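Observations on chain architecture
So the chains spell out like this:
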Amino acid sequence: RVPPRAPYQMEPRKASPAKDGPSGFMSEERVDDEIMKEEKAFFGAVRPDEPPIEYVPVQSTDQVLLISPTAFGYNPEAAKDNRFMHAVDEGELESVRRKVMREHENLVDLLGNQKGPLQMTVHLFDHKESHGTPDAVFPNNWFSTAPDVLNFYPMKNENRRKERRKDLVTYLDRMSKCTIDLTYQEETDLPRFLEGTGSLVLDRVNRVAYVAISERSDKGLAEHWGKLNKYEVVSFDAKDRNGFPIYHTNVMMSIGTEAALVCKDSLSTEDWEKVSSSLTNTGRVIVEITMEQMECFACNCLEVRNWKFFPSLVMSTRAYRSLREDQLEVLREHFDGIYHVDLTTIEDVGGGSVRCCIAELFDGFHIVDKQGVVRDIEIKGLKSVM
């Protein structure tokens, strides 16, 4: 019998080193001295004549949070400035929801299947009709994390603010030591909005935040966020083919550890120079994306870490098929695999793709060992570096 085909697709990759024996994760039940003993055994004790272990920020993570689209629906409020969305008739909703659930399950399987190519940790929740949150499948807009830091963001649409459910906030709060809450901006006389890592495309290594100004991404508020989080902010205007502002930055650009995808066609000459020079100066190879490819969500992709803690790229099948072979060749040089999954219905009705569906969780350390390999580890009782 022929085994069933995986619902996601992966490219053939070059042979990779065998998986390390120790997993790099330490049990929270162990006392501090036992944890440090394990850590020294794994990385090697640091003697006075040896360089200290280096704690470094990394661009991506192997832990993510997703919301299953159990109460998914077309959101007319969001569609006012998200021109990627397409309305559905009431009679089609049940059929659309079944398709969306199947697509999202395949995404979860790609990310979290422990026999799959990535084997990430997926924190999966659902939502109900009573929540009144048709866009809950896109959790990256209302919060973001960094080691020890949790940010909450002001949302433009009132029904999207309901996505900040008490149970989810409590769950996230236990992972952080510091919370930065900008949601009060929703209630001011002149409300301003900044919708998480939809508005902010982050270079976490060099602490640079890229922001395409729109109704959902206020420049002044982005700069305020940058001061609070110690990020430099690069702001610019990005337009679609009809001259309208692109609603979220992560639709027109994505940043990985070594490479970035940017829709050059959406930027003026001046803004392209600003964005491209900043990316180049921080060591990124730029893959230029056309307007047509952006409309296929080619930039709405995300670097994640696989079971070897190597950076891999995840995108939708529509996005993948829009890319030329020369573009894919560049990406293959800088990622340990390119993976894609069909999210056509989520894209057409919800107006977002893979990146929008994934909220990253950074709640541990990232350490460079003696061989220069970045590994992920949780060490109780130590303060992490943002």
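Keep in mind it's a predicted model, so treat the numbers as computed, not measured.

Definitions and cut-offs
Residues numbered from 1 in each chain as written. Predicted model: local features only at pLDDT ≥ 70, side-chain atom pairs only at ≥ 80, totals over all residues. Heavy atoms only, no water. Buried < 20%, exposed > 50% of the residue type's maximum accessible area, 1.4 Å probe, protein only. Phe/Tyr/Trp six-rings, centres within 6.5 Å; stacked < 30°, edge-to-face > 60°. Lys NZ or Arg CZ within 6 Å of the ring centre and 35° of its normal. 1 Å grid on protein atoms, 1.4 Å probe; cavity = no way out; pocket = protein on both sides within 12 Å on 5 of 7 lines; lining within 4 Å. Points joined across faces, edges and corners; volume = space filled by probe spheres on them. Helix = DSSP H or I, 4+ residues; strand = E, 2+ residues; numbered from the N terminus. Nonpolar A, V, L, I, M, F, W, Y, C, P; charged D, E, K, R; others polar. Pairing = 2+ DSSP bridges. Axes fitted to C-alpha atoms, helices over the stretch in contact; angles between N-to-C directions. Expected span 1.5 Å × (residues − 1). pLDDT = per-residue confidence, 0-100. Contact = heavy atoms within 4.5 Å. Arc of directions from axis to C-beta. Core = buried A, V, L, I, M, F, W, Y, C linked by side-chain atoms within 4.5 Å. Salt bridge = Lys/Arg side-chain N within 4 Å of Asp/Glu carboxyl O.

1. What about unusual backbone geometry?
One non-glycine residue, Gln119, lies in the positive phi region at around 55°. The class of Gln119 is partly exposed, set by a relative accessible area of 22%. Its identity is not glycine, yet Phe309 carries a phi of approximately 65°, on the positive side. For Phe309, a relative accessible area of 6% corresponds to the buried category.

2. Here we look at the packing of aromatic side chains
Applying the stated criterion across every chain yields a total of 4 aromatic pairs. Pairing Trp225 with Tyr231 gives two aromatic rings, centres 5.1 Å apart and planes at 50°, and the pair type is tilted. By relative accessible area, which is 2% here, Trp225 ends up buried. The class of Tyr231 is buried, set by a relative accessible area of 12%. Put simply, the rings of Trp142, Phe143 and Phe152 pair up and form one aromatic cluster. Over the ring of Tyr171 we find Arg174; its NZ or CZ atom is 4.4 Å from the centre of that ring.

3. Concerning empty space enclosed by the protein
Counted by the stated rule, this structure contains 7 cavities of 30 Å³ or more. Empty space within the second largest cavity amounts to approximately 160 Å³. Around the second largest cavity sit 17 residues that line it, and Val201, Leu202, Ile255, Leu302 and Arg355 are the ones nearest its centre. For the lining of the second largest cavity, the secondary-structure elements that each account for two or more residues are β8 (200–203), β11 (253–255) and β14 (302–305). Split into classes, the residues belonging to the lining of the second largest cavity amount to 8 nonpolar, 5 polar and 4 charged.

4. Topic: the sheet that holds strand β5 (residues 143–146)
Taking strand neighbours across the sheet as the criterion, the 3 strands line up as β5-β6-β7 in an open arrangement whose pairing is mixed. Unpaired on one side and paired on the other, β5 and β7 (178–181) mark the two borders of the sheet. Each neighbouring strand pair of the sheet contributes to a mean axis angle of 15°, computed without reference to strand direction. Here strand β6 (residues 149–152) runs beside β7; their pairing, made up of 4 bridges, is parallel. In the sheet register, Asn151 faces β7, and the bridge partner there is Ile180.

5. Focus on helix α3 (residues 93–112)
Between its first and last C-alpha atoms α3 spans 28 Å; for 20 residues at 1.5 Å apiece the expected length is 28 Å, and the two agree. Listing the buried residues of α3 in full gives Val96, Arg97, Val100, Met101, Glu103, His104, Asn106, Leu107, Val108, Leu110, Leu111 and Gly112.

6. Section: the confidence of the model for the protein
The predicted model of the protein averages 84 in pLDDT, with 78% of residues at 70 or higher. Here residues 12–46 is a poorly scored stretch, pLDDT under 50, and it has 57 contacts once near neighbours within four places are set aside; other chains count. Taken together, the stretch residues 365–370 has pLDDT below 50 and engages in 38 contacts with residues farther than four places along the chain or on a different chain.

7. Digging into the sheet that holds strand β17 (residues 359–360)
Read across the open sheet, the 3 strands follow the order β4-β3-β17; overall the sheet is mixed. At either end of the open sheet lies a strand with only one pairing partner, and these are β4 (121–125) and β17. Of the strands in this sheet, β3 (63–67) and β4 touch α3, which is tilted by about 170° from β3.

8. Remarks on helix α8 (residues 269–281)
With 13 residues, α8 extends 18 Å between its outermost C-alpha atoms, agreeing within 8% with the 18 Å of an ideal straight helix rising 1.5 Å per residue. Among the residues making up α8, those that are buried are Asp271, Trp272, Val275, Ser276, Ser278 and Leu279. Taken down its axis, α8 places every buried residue within 160° of arc, on the same side. The outward face of α8, more than 90 degrees from its buried face, is lined by the exposed residues Thr269, Glu270, Glu273 and Asn281. Those residues of α8 that are buried are in contact with β9 (208–212), β10 (232–236), β11, β12 (259–263) and β13 (285–289).

9. Thoughts on the nonpolar core
The biggest cluster of nonpolar side chains holds 63 residues, and the ones touching the most others in it are Leu111, Tyr210, Phe236, Met252, Met253 and Ile289. The greatest single-element share of this core, amounting to 6 residues, is contributed by α3.

10. Description of the pattern of salt bridges
Summed over the entire model, instances satisfying the criterion amount to 22 salt bridges. Ionic pairing is found between Glu195 and Arg216, a salt bridge with its closest N-O pair at 3.4 Å. Of this pair, Glu195 sits in the loop between β7 and α6 (196–199) while Arg216 sits in the loop between β9 and α7 (219–229), and the two are 21 residues apart along the sequence. Note on accessibility: Glu195 and Arg216 belong to one class, buried. The residue Arg324 makes a salt bridge to Asp326 at a minimum N-O spacing of 2.9 Å. Residues joined by salt bridges that share partners form a network here, namely Arg161, Arg164 and Glu186.

11. A short note on the environment of Asp173
With respect to the secondary-structure elements, Asp173 resides in helix α5 (residues 166–173). Here the alpha-carbon distance between Asp173 and Asp148, two residues 25 residues apart in the chain, equals 9.7 Å. Aside from chain neighbours lying at most four places away, what touches Asp173 is Leu150 and Thr179.

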